[in-house]
Amino acid sequence: MALILNEEQQMLREAAAGFLRDKAPVSQLRELRDSGDPLGYRPEVWQEMVNMGWTGIAIPEAYGGVGYGYTGLGIVLQEVGRHLSASPLGSSVLTAATVILQAASEQQKVELLPRICSGEWLLSLALEESGHHQGCKVNTSAKTSDGAIIINGCKRFVDEAASANAFIVAARDDSGLGLFVVAADLPGVSVQPVSMVDSRNSATVSFQNVAVTAEQRLGAGADSTAALQASIDISNVGISAELLGLSQQAFELTLAYLKEREQFAQAIGSFQGLQHRAAELFCELELGKSMVLNALQAIDDDRPECALLASATKAKLCEIARLASNEAVQMHGGIGMTDEYDIGFYLKRARALEHRFGDRNYHLDRYATLSGY
Amino acid sequence: MSELEEFRRATRAWLEASCPAEMRQPFSSEADWCWGGRKWQFASEAQQLWLERMAERGWTVPTWPVEYGGGGLSKEQAKVLAQEMKSLGCRKPLESFGISMLGPALLKFGNEHQKKEHLPKIARGEIRWCQGYSEPNAGSDLASLQTRAEDKGDYYLVNGAKIWTSYADQADWIFCLVRTDFDSKHAGISFLLFDMDSPGVSTSPIRLISGSSPFCETFFENVKVPKENLVGELNSGWTIAKYLLTHEREMISSMGESFAAVLPGEQAAKTVGLKDGQLANSALRQEIAQFEIDGMAFMLSLQRGKDEAKAGQGMGAVSSMFKYYGTELNKRRLELQLSIHGADAMVWGDQPALPAHWLRSKGNSIEGGTSEVQLNIIAKRVLGLPDA
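Residues numbered from 1 in each chain as written. Chains lettered and ligands numbered in written order. Predicted model: local features only at pLDDT ≥ 70, side-chain atom pairs only at ≥ 80, totals over all residues. Heavy atoms only, no water.

1. Focus on the interface of chain A and chain B
Listed per partner, the contact involves 44 residues of chain A and 41 residues of chain B. Surface buried jointly by chain A and chain B totals about 3,500 Å² across both partners, of which 66% is contributed by carbon and sulfur atoms. Its largest share of buried area at the contact with chain B, chain A owes to Leu3, Leu287 and Tyr373 of chain A, together 20% of the area lost on that side. Between chain A and chain B we count three salt bridges in total. (Contact = heavy atoms within 4.5 Å. Buried area = accessible area lost by both parts, 1.4 Å probe. Salt bridge = Lys/Arg side-chain N within 4 Å of Asp/Glu carboxyl O.)

What follows is the structure, given as structure tokens:
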């Protein structure tokens with residue numbers, strides 16, 4: 001498949017860019033942070049995203065989606081990254097809906113996916129148990145006792161937990177790894193908000209003797225490790241798209257500043273010491289665009305190398321986002337260190353996203369392992 | 001069967017029948033590359049036969065018009081030909097600066113007489129060309145070149161010296177940048193073609209750190225060049241030079257495409273060994289993973305560049321980006337090879353392939369415009385950053 005966007009995808013990009021610039025710009029994230037908003041996003045903006053069909057963008061039409069594939073979702077996420085637009089798009093649409101598509105039975109898909117598409121339900125994956133992503137390794141347990149399944153464990157860094165109607169909890173059970181849809185208001189579920197550096201909503205969610213039924217387990221009792229891993233891979237490509245947009249925007253803000261800021265009676269962008277660094281960053285961003293688009297297309301084509309591409313893409317985009325955000329602060333000089341200026345938001349979000357589902361080191365290591373060395 | 005599929009079938013049949021078995025072996029030494037020209041000694045009968053058969057169909061230059069010795073193929077057909085040659089392992093019949101550099105410039109800027117005179121000889125490998133660009137005092141600042149061509153009424157009189165002229169000692173003709181106006185810099189340069197056998201032309205090979213001598217110093221002393229050998233308008237040579245440099249950059253960055261052949265991870269598993277399924281040296285393991293991912297990103301970007309060009313979505317002045325990144329990546333690749341092969345890579349034997357390639361790669365980011373010049377071009381032309 002050609003590494004270009006088709007006409008429909010280009011229109012989607014323009015529509016997403018325009019909407020997010022007007023309705024969910026970085027200034028909105030600042031307001032949410034400053035007011036200590038418990039939700040961490042604007043519900044009315046989210047409702048508009050739902051109305052535009054973004055919740056179902058990667059979900060097949062049979063389940064109430066739009067069927068634009070992950071390339072479509074990636075295009076939107078790239079624009080989300082540009083404006084640091086806060087919403088449950090990443091947690092509920094990119095990750096949770098993907099877990100359902102990968103792991104659920106047909107009946108569960110028919111039941112759950114239309115509710116995500118319609119915006120009626122927000123889901124969030126409760127996977128991590130420490131600050132380091134461990135793939136599908138979990139200690140949370142799901143034990144069968146008197147016909148009920150009892151979940152015990154503590155999940156960290158659960159995104160958009162405050163608004164989630166339910167969590168998809170990864171837990172060990174008799175057949176290996178199980179994924180359980182657990183309503184947020186069940187007895188024994190408690191959500192402790194955690195304030196994060198990027199001002200986005202996150203929480204530690206504990207599950208204490210939470211009783212669920214077999215119907216709440218995704219898939220028919222089979223081990224869900226492969227399905228979860230595939231979902232994590234897809235999520236990492238989506239996160240890479242967001243990192244790409246974030247890096248592009250940080251770069252463009254910096255480029256504008258290099259042309260406008262004068263020192264020694266000339267624009268600082270005329271200095272070769274800065275020009276070469278900007279040019280190198282341009283090259284890296286071009287490489288990033290190719291990696292992200294290729295990985296998104298690979299998911300939609302269901303190519304066998306998706307796992308390898310996901311780790312390669314995440315590792316590369318973590319590197320690019322780190323470079324772009326660090327250079328943005330440095331080239332802005334003192335003003336880049338001020339809270340008043342937006343660049344700091346990009347720096348913070350870049351690192352928070354890097355650590356979701358494995359940072360650069362994790363993915364370099366995994367890439368080498370998958371490559372047989 | 002579609003027309004293109006029919007073309008594929010016929011092409012494959014012809015290649016199978018016409019490409020000698022020897023010409024379907026991978027290149028094993030420099031002598032296997034066929035450069036052609038008046039001084040060329042064919043390494044084998046098969047090499048000569050293969051060139052003649054391909055040239056007869058115009059397939060040394062598949063997309064050039066038939067009247068200039070080309071194959072007249074569409075881009076799609078040329079792609080099919082390349083794919084079928086690759087799948088059968090057919091060697092490229094002719095390596096040539098005439099094909100990769102001068103030809104495209106003549107097709108764009110040459111007059112009808114020049115095209116008819118020079119292009120067919122390039123296509124048939126009869127004339128080998130060299131490029132007279134750099135001078136001892138005009139490297140990165142190429143436009144400051146001083147080799148002069150004086151108008152003597154019937155002819156131009158050329159005096160001066162060039163350096164880094166690739167294979168000048170083996171070339172038959174030179175395409176050369178000369179100064180025809182000393183009052184302006186870029187607008188005082190013209191593009192001349194002349195025979196290297198002309199009286200007053202001499203060459204002297206330069207031995208490189210890699211041991212080989214692909215480059216020469218080239219001297220011109222009162223060389224008479226017929227006026228009909230001026231390409232384009234007088235003093236408009238810089239436009240042609242820039243166009244040609246773009247092709248040169250693309251050629252150099254396409255070196256990157258050979259990366260995919262053997263992955264360094266597989267090699268290192270053999271030389272360094274595995275421990276619990278992982279390379280025994282974890283620092284090397286990380287370096288290799290980074291390199292392979294960057295290599296993948298570069299290859300995908302080349303692909304995206306082609307796809308975007310085809311779809312009319314231009315990426316802008318990207319040849320500089322590919323030249324910069326591709327050559328830096330190639331240097332990294334060879335440094336990594338040294339790490340993978342250890343002190344064995346330092347053995348300078350009869351055919352020191354690895355150390356010679358490693359040393360030669362240092363020139364990649366210097367020739368055809370240094371990495372720093374490429375970054376200048378990106379900063380100014382793509383990013384629009386101001387001059388100092």
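2. Quick word on the pairing of strand β1 (residues 123-126) of chain A
All names here are of chain A. Here β1 shows a buried face lined by Leu123 and Leu125 and a second buried face lined by Ser124 and Ala126. Sheet analysis places β1 next to strand β4 (residues 166-173), joined by four bridges and oriented parallel. Note on β4: the bridge partner recorded for Leu123 is Ala166. (Buried < 20%, exposed > 50% of the residue type's maximum accessible area, 1.4 Å probe, protein only. Helix = DSSP H or I, 4+ residues; strand = E, 2+ residues; numbered from the N terminus. Pairing = 2+ DSSP bridges.)

3. As for the confidence of the model for chain B
Taken residue by residue, chain B gives an average pLDDT of 92. The fraction at 70 or more is 95%. With pTM at 0.90, the complex prediction returns an ipTM value of 0.95. (pLDDT = per-residue confidence, 0-100.)

4. Here we look at the domain arrangement of chain B
Residue and element names in this part refer to chain B. According to the domain assignment, chain B contains domain 1 (3-123), domain 2 (129-235) and domain 3 (239-382). Taking only C-alpha atoms into account, the centre of domain 2 sits 30 Å from that of domain 3. With 15 residues of domain 2 in contact, the opposing surface of domain 3 contributes twelve residues. Together domain 2 and domain 3 conceal approximately 960 Å² of surface at their shared face, both sides included; 72% is due to carbon and sulfur atoms. Looking at the side of domain 2 facing domain 3, the largest losses of area belong to Tyr133, Ile209 and Ser210, adding up to 41% of the total buried there. Inspection of the domain 2/domain 3 interface yields zero salt bridges. Seen at the junction of domain 2 and domain 3, the total is zero residue pairs in polar contact (both at pLDDT 80 or more). (Domains from an automatic or database assignment. Polar contact = N/O pair within 3.5 Å; in protein donor to acceptor, adjacent residues only side chain to side chain.)

5. Some words on the nonpolar core
Within the largest apolar cluster, 135 residues are counted, with the highest numbers of intra-cluster contacts made by Trp54, Ile100, Leu123, Ile168, Leu218 and Leu228 of chain A. Those residues within four positions of Ile168 of chain A in sequence are excluded, and the remaining contacts are Ala96, Val99, Ile100, Leu123, Ser124, Leu125, Ala126, Leu179, Phe180, Val181 and Leu218 of chain A. By size, the runner-up hydrophobic cluster in this structure holds 36 residues, among which are Cys34, Ile127, Leu145 and Phe175 of chain B. (Core = buried A, V, L, I, M, F, W, Y, C linked by side-chain atoms within 4.5 Å.)

6. What to know about the packing of aromatic side chains
Across all of its chains, the model carries 20 aromatic pairs over all chains by this definition. Geometrically, the ring pair formed by Phe19 of chain A and Trp54 of chain A is edge-to-face, given 5.5 Å between the ring centres and 80° between the ring planes. Remark: Trp54 of chain A occurs in the loop between α3 (43-51) and α4 (69-83) and Phe19 of chain A occurs in helix α1 (residues 7-23); sequence separation between them is 35 residues. You'll find Phe19 of chain A and Trp54 of chain A in the same group, each marked buried. In this arrangement the basic side chain of Arg57 of chain B is found over the ring face of Trp59 of chain B, its NZ or CZ atom lying 4.6 Å from the centre. The aromatic ring of Tyr156 of chain B is capped on one face by Lys227 of chain B, whose charged end is 5.4 Å from the ring centroid. (Phe/Tyr/Trp six-rings, centres within 6.5 Å; stacked < 30°, edge-to-face > 60°. Lys NZ or Arg CZ within 6 Å of the ring centre and 35° of its normal.)

7. Digging into the state of the cysteines
For the structure on display, the rule yields zero disulfides over all chains. Take Cys90 of chain B: it sits in no disulfide, and the sulfur closest to it among the cysteines is that of Cys19 of chain B, at 3.8 Å. (Disulfide = S-S within 2.5 Å.)

8. Observations regarding helix α11 (residues 371-382) of chain B
Residue and element names in this part refer to chain B. Here α11 contains twelve residues, and its C-alpha end-to-end distance of 15 Å stays within 8% of the 16 Å for a straight helix at 1.5 Å per residue. Turning to α11, its buried residues number three or more, namely Ser371, Gln374, Leu375, Asn376, Ile377, Ile378 and Ala379. One or two positions beyond α11, positive phi appears at Gly384, with a value near 70°. (Expected span 1.5 Å × (residues − 1).)

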